[in-house]
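# A structural walkthrough
Read off the chains here:
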Amino acid sequence: MTVVVRPYTNADLPGVAKLRALLYHHAGDDQIDWYASVWNWLERQPAGEPYRWVLATGDTVAGFLAAVPQVYRIGGQRVVAYTPTDYMVHPNYGFHAIPLMRTFFQACQNCVTCDSSVPAIRLQARLGAEPVAELRHTAKLFDASVLSRSVPEPVRLLLNGSMRITDNVLTLRAGRRFQVDVLDAFDERFDTLFEHIADILPCLPVKDAAYLRWRYGPGSPHAETITLGISGRDGLLGYAILRVTVSGRDGYVLDLTTLPGRRDVARELLRRAVRYFRRAGVELIRYRFLESPTSPEARDAWRLGFFPRKRRHHLLVKFADPAIQELARNSANWAYNTGDGEMGYWVR
């Protein structure tokens, strides 16, 4: 039977949701409803509507790929670039993954992608995207049963007690004291902070107040987050956006951004994030970030009991303007977090 790549229509949603459930082992009407709600939200992206394509054979959806636009500040210029999103192909049609991704690159002159799938990364590089950097993938355990559900109860309790004691020592306040507040609105303070960062770093996703309201505010599938902030005499010094998943098992640091060079602020925000997640009762914290002047250093995470994970997300870029591409391919010019792109869209 002929397999074709064609534009997505609303009638394809059940087939795409079924494919996603098969590949990611999701099931249930609530999963389909949630999946639809994510796409309703992505269609309201401030940069414009996404493109979507399906790999179809007759009435069967065998693959799917979307291109979600996002605004970046590159070398002082406003640039819209697309991110390949929700890329999936049925195992029986794996060869056809190539024309599906080729369709993305033919439609989108500017591309920023952050992916952990080795085949997808290789294909994107083959189609012209250049590697920039690998994000740090770190995690912190609160419950030993995450390592193996077969850990005997007495052993689990002993290990958890030891980790709790160690964690209390690791997260004791040290050095300069900051007041950390829970921020209830994305206001002009975030605009000012973004502009200060953009004066130093030439390659950034635009995270002004308007964008952050869309990303984490009412109507977002990630509205159930908490934002911690530290302020100084000159305004907001940094913030962290934290999410506990609906299962209650995982905690995500979706964003942790400070003024460039304020590692002391980044350390304190990460320390307070650890304490917040412990009180929330999660089993595991996940934190993925590009080490930059606006983030903690990796050793700050290690000192708080995080450990490195083997799986890495690779940041790749492709811009039509050679001067912009030259800036964007240098990792020293970037700051990037989990919540800044596609890998953060599906955190539930």
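Above this text sits the structure in question.
Residues numbered from 1 in each chain as written. Predicted model: local features only at pLDDT ≥ 70, side-chain atom pairs only at ≥ 80, totals over all residues. Heavy atoms only, no water.

## What about the sheet that holds strand β13 (residues 284–289)?
- Reading across from one edge, β8-β10-β11-β12-β13-β7-β14 is the order of the 7 strands in this open sheet, with mixed pairing throughout. Among the strands making up the open sheet, the edge pair consists of β8 (180–183) and β14 (307–308).
- Pairing of β8 with strand β10 (residues 225–232) involves 4 bridges; the strand directions are antiparallel. Bridge pairing links L183 to T227 in β10.
- Sheet contacts for helix α6 (residues 188–198): β8, β10, β11 (235–244) and β12 (250–258); angle to β11, the most-contacted strand, approximately 105°.
- Helix-sheet contacts for helix α7 (residues 209–216) involve β10, β11 and β12, and the interaxial angle to β11 is about 15°. (Pairing = 2+ DSSP bridges. Helix = DSSP H or I, 4+ residues; strand = E, 2+ residues; numbered from the N terminus. Contact = heavy atoms within 4.5 Å. Axes fitted to C-alpha atoms, helices over the stretch in contact; angles between N-to-C directions.)

## Quick word on the side chain of D12
- With respect to the helices, strands and loops of the structure, D12 is situated in the loop between β1 (4–7) and α1 (13–24).
- Residue classification places D12 among the buried positions, given a relative accessible area of 7%.
- Setting aside its immediate chain neighbours within four residues, D12 contacts R6, P7, V54 and V61. (Buried < 20%, exposed > 50% of the residue type's maximum accessible area, 1.4 Å probe, protein only.)

## Observations concerning the nonpolar core
- Counting residues in hydrophobic clusters, the biggest one holds 68 residues, and the most contacted among them are Y35 and F64.
- Top contributing element to this core by residue count: helix α8 (residues 263–280), with 7 residues. (Core = buried A, V, L, I, M, F, W, Y, C linked by side-chain atoms within 4.5 Å.)

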